[in-house]
Amino acid sequence: MNLQKFQEEYQTYNAPSEIRSECNAITFINTGASNIQINGINLTPGAQLVSLGNEGELNVTRYRLSFTGGGAEICTVIRKIYV
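Calculation criteria
Residues numbered from 1 in each chain as written. Predicted model: local features only at pLDDT ≥ 70, side-chain atom pairs only at ≥ 80, totals over all residues. Heavy atoms only, no water. Pairing = 2+ DSSP bridges. Helix = DSSP H or I, 4+ residues; strand = E, 2+ residues; numbered from the N terminus. Axes fitted to C-alpha atoms, helices over the stretch in contact; angles between N-to-C directions. Contact = heavy atoms within 4.5 Å.

Undergrad: Would you mind showing me how to read the sheet that holds strand β5 (residues 41-43) here?
TA: Sheets are built from strands paired through backbone hydrogen bonds, the pairs being either parallel or antiparallel. Strand order in the open sheet formed by four strands is β2-β7-β4-β5, and the pairing between neighbours is antiparallel. On the outer flanks of this sheet lie β2 (17-20) and β5, each paired with one strand and no other. This sheet shows a mean twist of 30 degrees between the axes of neighbouring strands, independent of strand direction. Pairing of strand β4 (residues 35-38) with strand β7 (residues 62-68) involves four bridges; the strand directions are antiparallel. Along β7, the bridge assignment pairs Asn35 with Thr68.

Undergrad: I would appreciate a short explanation of the environment of Cys75 in the present structure.
TA: Turning to its location among the elements, Cys75 is positioned in strand β8 (residues 75-82). In this structure the C-alpha to C-alpha distance between Cys75 and Asn30, which are 45 residues apart in sequence, comes to 4.8 Å. If sequence neighbours within four positions are ignored, Cys75 has contacts with Gln11, Thr12, Tyr13, Phe28, Ile29, Thr31, Ile36, Leu65 and Phe67.

Bear in mind that shape data such as this cannot, by itself, settle questions of function.
Listed below in structure tokens is the structure:
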């Protein structure tokens, strides 16, 4: 069995940003108190958006992150990157 190695990269954002995926899988978690939007998809506090790739795929999407409402603006992003 030939195993493919990967690592997980964790980043936290607290300002509107463009996030380049360049990975196999990416997860956005609203860890703040305000709503966030990822490419127009609204995530309430505690919600998450997951984009999984199949074996050998590379996601090259550019995601637009923005915040709406009051409270702490925090988005945690987890990326699965092949090494």
